[in-house]
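# Inside the fold
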Amino acid sequence: MKKSTLCIDKHFIVGDVDKRIYGSFIEHLGRAVYEGIYHPESPFADERGLRKDVLELIRQLNVPVVRYPGGNFVSGYHWEDGVGPKAERPEKIDLAWNVIETNQFGLNEFMDWTKKADTKPMMAVNLGTRGVDDAKNIVEYCNLKGGSYYSDLRRKHGYENPHDIKLWCLGNEMDGPWQMGHKNALEYGRTAAEAGRIMKMVDPSIELVACGSSALTMDTFGTWEDTVLSECYEQADYLSLHQYYGNRDNNTPEFLANTVAMDEFISSVISICDAVKAKKRSKKSIHLSFDEWNVWYHSNEQDQKLERWCKAPHQLEDIYNFEDALLVAGMMITMLRHADRVKVACLAQLVNVIAPIMTSDTGAWKQTIYYPFELISNYGRGTVLNTVVKAPVYESVHGDAPYLDSVCIMNQEEESLTIFAVNKDLEESMELSCDVRQFTGYQVKEHVVLTHPDVKAMNTEENPSNVAPARTGNAKVTDGILQTVLCDKSFHVIRLSK
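Residues numbered from 1 in each chain as written. Predicted model: local features only at pLDDT ≥ 70, side-chain atom pairs only at ≥ 80, totals over all residues. Heavy atoms only, no water.

Regarding its fold elements, the protein chain presents 11 helices and 25 strands. Scaling as 2.2 N^0.38, a compact globule of 498 residues should have a C-alpha radius of gyration of about 23 Å, and the protein chain matches this with 23 Å. Seen through its principal axes, the protein chain has C-alpha atoms that stretch 70 × 60 × 45 Å. For the protein chain, the residues scored as buried account for 61% of the 498 residues in total. Summed over all atoms, the accessible surface of the protein chain reaches about 19300 Å², with 48% contributed by carbon and sulfur. For the protein chain, the distance from the average position of its 53 positive side-chain charges to the average position of its 71 negative side-chain charges is 6 Å. (Helix = DSSP H or I, 4+ residues; strand = E, 2+ residues; numbered from the N terminus. Rg over C-alpha atoms; globule rule 2.2 N^0.38 Å. Buried < 20%, exposed > 50% of the residue type's maximum accessible area, 1.4 Å probe, protein only. Areas by Shrake-Rupley, 256 points an atom, 1.4 Å probe, with all protein chains shown as cover. Lys, Arg positive; Asp, Glu negative; His and termini not counted. Charge placed at Lys NZ, Arg CZ, Asp CG, Glu CD.)

Have a look at this one:
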């Protein structure tokens, strides 16, 4: 049996967890909006057409912020099409996903939904086919009390009080040649700087996210971040990262080793941000917004067969398995290990589209990836300790990959310590020990385990609990030393308190 050790010291910290690291994403794409969060024809809908069964599952995830309305969609979106009387809203083609957008759900409906979902908005502006003036107008519509054209237009639409949206994305994936209004780094950096400057003239209290590279694999990665930040450093508060992983070669060890690549991605972007800071002799540090991340590959072949110009098709509907849940847990652990700089993150997406929640006409259910997100979101609040993981490694294309991904979070207010751990070994259990003598009187409150004998096991509407966590762990503290056995291919949540 392999052996591993976690080394922690309550005085050696990474940083406090910003709860927005547990954010998610709703784009006008596939059935994320229509039939996902909004479905007036459903027996599960409330008086506004919002699905109550979906809202209940979202509230359990404890999602503090949701990015909207895209994504690729936003780069061709006219937000004015989605406000005002529904009978007067135009149906338009969406070139991002080759569908028809009905605009029956828009900005104000989204704000209504956020209140019922107990979350806050992260609004994206169109810097693709539109630009600076439009960015100013939407902030005016959302955040000014009244007395101007766009703020009074909002009041005319039935929203007397401002939406007061604090977090804004300056476009989406503008480095990508697939993006409407695609720009090179200098073009985007200048546009982001001017849009950001004017948006903050309208409302100085807002925070802005500039577009980083769409992925680590982009040819322009690195030079893009450097150029963009060199132009908009003083306007931006965060720089975005996007990354999806897949297991197309059906190599589970390599798939689970992607946390190594993700860790290097984050570290590289932090280095670039700090290099620009040094060049500018700035006092401000740019933090990171990992505002698109997930597993995405299952639906790729099916999506190539979709008919163009339909409405709300079954698009990007990955059906996740158990190994996907293990990687999602590992990705969340990786972001937490950088909690000093990763302040916002958005699981892409929330419902139906590469999502933890799926719907049908007869109900909603939890995919396998729902559970690690729910557990870490609910119990991963507090201060991240510098967690040194001593564990065996295996070779991967990303270099040596540890069999164990883990992080420890201390919550002084609740007098608790939480350990998240993923054993990536597919065949062998692992002994885990951790010296917790600094946490006098702490004992194991619960030890939750997510495991399954088949890494390809899935949850379905007929069998929604096929892969689900159970309180079957055996962790205990003896003479100040926590010890347990992590079964093969498993995710663990060990909660200690006085």
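So, about the environment of T191. Of note, T191 is situated in helix α5 (residues 185-202). A relative accessible area of 17% places T191 in the buried class. The sequence separation of T191 and E317 amounts to 126 residues, and the corresponding C-alpha distance is 34 Å. Apart from the residues lying within four places of it in its own chain, the contact partners of T191 are L127, V132 and K183. A distance of 3.0 Å separates a polar side-chain atom of T191 from the backbone oxygen of E187. (Contact = heavy atoms within 4.5 Å. Polar contact = N/O pair within 3.5 Å; in protein donor to acceptor, adjacent residues only side chain to side chain.)

Attention now goes to a nonpolar patch on the surface. On the surface, I93, L95 and W309 cluster together into a nonpolar patch covering about 290 Å² of accessible area. Tracing the backbone through its elements, the reader meets W309 in the loop between α9 (300-303) and α10 (322-336). Taking the relative accessible area as the measure of exposure, W309 reaches 33% and is therefore partly exposed. (Patch = residues over 30% accessible without salt bridge, like charges linked within 9 Å, V, L, I, M, F, W, Y side chains within 5 Å. Salt bridge = Lys/Arg side-chain N within 4 Å of Asp/Glu carboxyl O.)

Turning to the sheet that holds strand β11 (residues 287-295), a few remarks are in order. Remark on secondary structure: sheet strands pair via backbone hydrogen bonds, oriented parallel or antiparallel. Ordered by their spatial adjacency, eight strands build a closed barrel running β3-β4-β7-β8-β9-β10-β11-β12, and the pairing between neighbours is parallel. Looking at each pair of strands side by side, their axes are set apart by 30° on average, direction ignored. Examined bridge by bridge, strand β7 (residues 120-125) and strand β8 (residues 167-170) share four bridges and lie parallel to one another. From the neighbouring strand, V125 faces β8, where its bridge partner is L170. (Pairing = 2+ DSSP bridges. Axes fitted to C-alpha atoms, helices over the stretch in contact; angles between N-to-C directions.)

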